[in-house]
Amino acid sequence: MSPSHALESFIDLECFVELNGSADLIESVAPLFASQAVSWLPDFESAIAQDDPAPVLHLLHQMAGCCAAICALPLARGLRDAERAVLSQGLNPHRANMQQLCKDVRQLNDAMVAYPAAKASISAVP
Amino acid sequence: MGPSEAVMDTNNPMTAWVVDDEAVNRALASAFLKRLGWDTREFASGGEALEASSQGLPPLMIIDIRMPRMSGTDLVRTLRQHPDAQRTCFIAYTAHCLTDEASALLDEGFHRVLSKPVSFQQMQEAAQHVPFSRT
């Protein structure tokens, strides 16, 4: 899968353009997203390993808000649903889902990081 | 340069502060405001904004609600005591806001509520209605 297609599998680009006026802002926010994901993911995994729901809930909320802002809507919904589920039922019944969400956020981050280069290479084709 | 290190004149009638612990959300809100002609200053926490308020408040503040340590609501509760507060428009910038929550935020002193994700048009409409001027 090409990096631009990888990004489109997470981000609703039509929604992003509608909200932001163009897709150009993705390139500005990609490094910011990556800089946050660098701390989110290990903190999230560590909080799950330590069975500590408070930081898990905080990080789910942060990641959900951020994913919503960039129109990664299905992932944002998944994170929000997980936040509600952990809040009402605790962490244990949702461990497998947490691991999957972590994997999805990592893949989105990889796609975000790769997107500017992918876009540049597409633009460079005569 | 860190989010709050830029030097900004708070007496500038077109200065807006964006307070959000999420860098992506700050960047998007700032990009919209800059496109609308505002100078922006970003803060990663309520504490940073509170510290900067000793130099005065801008006419417009976009404030995330759910932040660690000091929430956006706590920040506005504190800033309402500031001598400039009557001339500052506080806009809540929040995820997942239900009608009841929006009413509560308005009761706390916010002038408007924007729910994330915010479109350029929504930000434009909110910023257009800033009724305060330092000029």
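For the structure, see preceding data.
None of these values were measured; they are calculated from a predicted model.

Colleague: Could you give an account of the sheet that holds strand 5 (residues 112-116) of chain B, naming the residues involved and the relevant values?
Modeller: All names here are of chain B. Spatially, the five strands line up as an open sheet ordered 2-1-3-4-5, and their pairing is parallel. Single-partner strands in this sheet number two, and they are strand 2 (39-43) and strand 5. Neighbouring strand axes in the sheet, compared pairwise and without regard to direction, differ in orientation by 20 degrees on average. Strands strand 1 (15-19), strand 2, strand 3 (60-64), strand 4 (89-95) and strand 5 of the sheet are contacted by helix 1 (residues 23-35), whose axis makes an angle of about 170 degrees with strand 2. Against the sheet, helix 3 (residues 72-79) touches strand 1, strand 3 and strand 4, its axis set at about 145 degrees to strand 3.

Colleague: Go over the packing of aromatic side chains with me, naming the residues and quoting the values.
Modeller: For the coordinates displayed, the defined rule picks out three aromatic pairs over all chains. Taking 5.5 Å as the distance between ring centres and 85 degrees as the angle between the ring planes, the aromatic pair formed by F33(A) and W40(A) counts as edge-to-face. Among the residues examined, F33(A) registers a relative accessible area of 0% and is labelled buried. For W40(A), a relative accessible area of 2% corresponds to the buried category. Relative to F43(B), the ring of W17(B) lies with its centre 4.8 Å away and its plane at 55 degrees, an arrangement referred to as tilted. Taken together, the positions of W17(B) in strand 1 and F43(B) in strand 2 put the pair 26 residues apart, joining distant regions of the chain. The residue whose ring lies beneath R35(B) is F120(B), and the NZ or CZ to ring-centre distance is 4.5 Å. Looking at K116(B), its charged tip hangs above the ring of Y93(B), at a distance of 4.7 Å from the centre.

Colleague: Quick rundown of the packing of helix 3 (residues 25-49) of chain A against helix 4 (residues 53-69) of chain A? Include the residues and the values.
Modeller: All names here are of chain A. Axis separation between helix 3 and helix 4 bottoms out at 9 Å; the angle between their running directions is 150 degrees. In terms of orientation, helix 3 lies roughly antiparallel with respect to helix 4. Where helix 3 crosses over helix 4, the handedness of that crossing is left-handed. Counted together, F33, Q36, W40, D43, F44, A47 and I48 of helix 3 and P55, V56, L59, L60, Q62, M63, C66 and C67 of helix 4 form the full contact between these two elements. For the contact of helix 3 with helix 4, the per-class residue count stands at twelve nonpolar, two polar and one charged.

Colleague: How would you sum up the interface of chain B and chain A? Please name residues and give values.
Modeller: Residue-level contacts link 19 residues of chain B with 22 residues of chain A. For the pair chain B and chain A, the summed buried area comes to about 1700 Å², and 62% of that belongs to carbon and sulfur atoms. Taken together, the links from chain B to chain A amount to one salt bridge. Residue R66(B) pairs with E83(A) through a salt bridge whose shortest N-O separation is 3.1 Å.

Colleague: Tell me about the pairing of strand 1 of chain B, and name the residues and values.
Modeller: Residues and elements named next belong to chain B. Extensive coverage of strand 1 is indicated by the burial of five of its five residues. Neither face of strand 1 is left uncovered, since the one carrying T15, W17 and V19 and the one carrying A16 and V18 both have all their residues buried. In terms of handedness, the path from strand 1 via helix 1 over to strand 2 forms a crossover that is right-handed. With four bridges connecting them, strand 1 and strand 3 associate as parallel partners. Across the sheet, V19 pairs through a bridge with I63, a residue of strand 3.

Colleague: So what about the environment of A72(A)? Which residues, and what values?
Modeller: Residue and element names in this part refer to chain A. Along the polypeptide, A72 turns up in the loop between helix 4 and helix 5 (73-89). Relative accessible area serves as the criterion here: at 0%, A72 is assigned to the buried category. If sequence neighbours within four positions are ignored, A72 has contacts with F10, I11, C67 and L108.

About the thresholds
- Residues numbered from 1 in each chain as written.
- Chains lettered and ligands numbered in written order.
- Predicted model: local features only at pLDDT ≥ 70, side-chain atom pairs only at ≥ 80, totals over all residues.
- Heavy atoms only, no water.
- Pairing = 2+ DSSP bridges.
- Helix = DSSP H or I, 4+ residues; strand = E, 2+ residues; numbered from the N terminus.
- Axes fitted to C-alpha atoms, helices over the stretch in contact; angles between N-to-C directions.
- Contact = heavy atoms within 4.5 Å.
- Phe/Tyr/Trp six-rings, centres within 6.5 Å; stacked < 30°, edge-to-face > 60°.
- Buried < 20%, exposed > 50% of the residue type's maximum accessible area, 1.4 Å probe, protein only.
- Lys NZ or Arg CZ within 6 Å of the ring centre and 35° of its normal.
- Parallel < 35°, antiparallel > 145°, perpendicular 65-115°, else oblique.
- Left-handed = near helix turned anticlockwise from the far one by under 90°.
- Nonpolar A, V, L, I, M, F, W, Y, C, P; charged D, E, K, R; others polar.
- Buried area = accessible area lost by both parts, 1.4 Å probe.
- Salt bridge = Lys/Arg side-chain N within 4 Å of Asp/Glu carboxyl O.
- Right-handed = clockwise from strand over helix to strand, strands pointing away.

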